[in-house]
Amino acid sequence: MKNCFETIEMAPAVRLCSYRTDRFTTAKLGISFVVPLDVSRIAENAMVPYLLCRSSEDYPSFIDVCKKAYELYGLDIHPYTQKQGDAHVLGVTLTLLENRFALGGEDLALECAKFLFDMIFRPNLRDGAFTAEEVEKEKRLSTEKVMNVVNDKRVYAKTRLEKEMFAGEPYAEYKHGTLEGIAAATPQSIYDAYLDMLRGAKIQISTVGSADPQEIADL
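Notes on helix α3 (residues 108–121)
Helical geometry note: an α-helix holds 3.6 residues per turn, so side chains three or four residues apart project in the same direction. Over its 14 residues, α3 extends 20 Å from the first C-alpha to the last, a length consistent with the 20 Å expected when each residue adds 1.5 Å. Of all 14 residues that make up α3, 10 are buried, and the element is covered over most of its length. Among the residues of α3, those classed as buried are Leu108, Ala109, Cys112, Ala113, Phe115, Leu116, Phe117, Asp118, Met119 and Ile120.

Below, the structure is given as structure tokens:
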């Protein structure tokens, strides 16, 4: 297979970027949402990708998500949040087995894409918002991430440098927000942040592997 890059413009502010190759035993599939680095909403935005990977409409518990991942040959699910300039990048990356190694000849890339889009676009909701139980778990983990910065001297030094250099600017804030912002977040406020992300973010889907990018774009 010829190694080649391809970009498919799917809609305004939505594109798919693909590197098609059969050089590797695993493939990558990801989706990222780029939103403004809003100081008042950093904590809520940062928790969105992690909550989406905890459960979905078809997989209503974390155990269900893990079972499905194991069925897909040990699919690795990696939610993340990053800062890039004045942008907050929220996303999920999957690492999956290449199609040619599937024992039953199934199209793993397409199956994993369906699973990813199910988590992203059909979240597990209760009373029109994320579930309180999942939110409390994620708030606890986000709190630990903020507090653990002090224990990693390199990350702490970088964070303090950014806070001094960019004082008064959005980039000065830590990518997971503040302890106060995390504590104030609610199932409804995080769900509102999720809806605003869908409405206003620049969206990029990325693939690396032998999968047909047009099939994923169509999906």
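Here's the deal with the packing of helix α1 (residues 42–52) against helix α4 (residues 132–148)
Here α1 crosses α4 at 125 degrees, and the two axes come no closer than 10 Å. As far as their axial angle goes, α4 and α1 are oblique. Of the two possible hands of crossing, α1 and α4 adopt the one that is right-handed. Residues Met47, Tyr50 and Leu51 of α1 lie in contact with α4, whose contacting residues are Glu134, Val135, Glu138, Lys139, Ser142 and Lys145. In terms of residue class, the contact of α1 with α4 is made up of four nonpolar, one polar and four charged.

Observations concerning the sheet that holds strand β4 (residues 76–84)
As summarised here, the arrangement of the six strands in space is β1-β2-β8-β3-β5-β4, forming an open sheet in which the pairing is mixed. Edge positions in the open sheet fall to β1 (4–11) and β4, since each of these has one partner strand only. Taking each pair of neighbouring strands and ignoring which way they run, the sheet shows an average axis angle of 15 degrees. Relative to strand β5 (residues 87–97), strand β3 (residues 26–36) runs antiparallel, the two sharing 11 bridges. Its bridge partner lying in β5, Val34 is registered against Val89. Contacting β3, β4 and β5, α1 crosses the sheet at an angle of about 10 degrees to β5.

Remarks on the side chain of Thr81
Assignment of secondary structure puts Thr81 in strand β4. When its relative accessible area of 2% is taken as the criterion, Thr81 is described as buried. A polar contact is formed between the side chain of Thr81 and the side chain of His88, at a distance of 3.1 Å. With sequence-adjacent residues up to four places away left out, Thr81 is seen in contact with Ala46, Tyr50, His88, Val89, Leu90, Lys175 and His176.

Here we look at unusual backbone geometry
Among all residues except glycine, the phi angle is most often negative; among peptide bonds, the trans geometry is most common. For Ala13, which is not a glycine, the phi torsion comes out positive at approximately 70 degrees. Counting through the fold element by element, Ala13 comes out in the loop between β1 and β2 (14–20). Unlike most non-glycine residues, Asp127 shows phi in positive territory, near 55 degrees. Relative accessible area serves as the criterion here: at 76%, Asp127 is assigned to the exposed category.

Quick notes on the pattern of salt bridges
One pass over the full model with this rule turns up 15 salt bridges. One salt bridge connects Arg122 with Asp58, and the closest N-O pair in it is separated by 2.8 Å. Here Asp58 lies in the loop between α1 and α2 (62–71) and Arg122 lies in the loop between α3 and β6 (125–126), a separation of 64 residues in the sequence. Note that Arg122 and Asp118 form a salt bridge whose closest N and O atoms lie 2.8 Å from each other. Looking at Asp118, the relative accessible area reads 6%, which means it is buried. Three or more residues joined by partner-sharing salt bridges are found here, namely Arg54, Glu134, Glu138 and Lys145.

Considerations on the environment of Ala201
Relative to the helices and strands, Ala201 resides in the loop between α7 (187–200) and β8 (202–209). Taking the C-alpha atoms as reference points, Ala201 and Ala43, 158 residues apart in sequence, are found 17 Å from one another. In this view, Ala201 contacts Ala13, Phe33, Val34, Val35 and Asp196; residues no more than four positions away in its chain are not counted.

Here's the deal with the environment of Val35
Here Val35 is to be found in strand β3. Val35 gets classed as buried once you look at its relative accessible area, which sits at 9%. In this structure, the C-alpha to C-alpha distance between Val35 and Glu164, residues 129 residues apart in sequence, is 23 Å. Discounting residues that sit within four places of it in the chain, Val35 has contacts with Asn45, Asp86, Ala87, His88, Leu90, Met197 and Ala201.

Rules used throughout
Residues numbered from 1 in each chain as written. Predicted model: local features only at pLDDT ≥ 70, side-chain atom pairs only at ≥ 80, totals over all residues. Heavy atoms only, no water. Helix = DSSP H or I, 4+ residues; strand = E, 2+ residues; numbered from the N terminus. Expected span 1.5 Å × (residues − 1). Buried < 20%, exposed > 50% of the residue type's maximum accessible area, 1.4 Å probe, protein only. Axes fitted to C-alpha atoms, helices over the stretch in contact; angles between N-to-C directions. Parallel < 35°, antiparallel > 145°, perpendicular 65-115°, else oblique. Left-handed = near helix turned anticlockwise from the far one by under 90°. Contact = heavy atoms within 4.5 Å. Nonpolar A, V, L, I, M, F, W, Y, C, P; charged D, E, K, R; others polar. Pairing = 2+ DSSP bridges. Polar contact = N/O pair within 3.5 Å; in protein donor to acceptor, adjacent residues only side chain to side chain. Salt bridge = Lys/Arg side-chain N within 4 Å of Asp/Glu carboxyl O.

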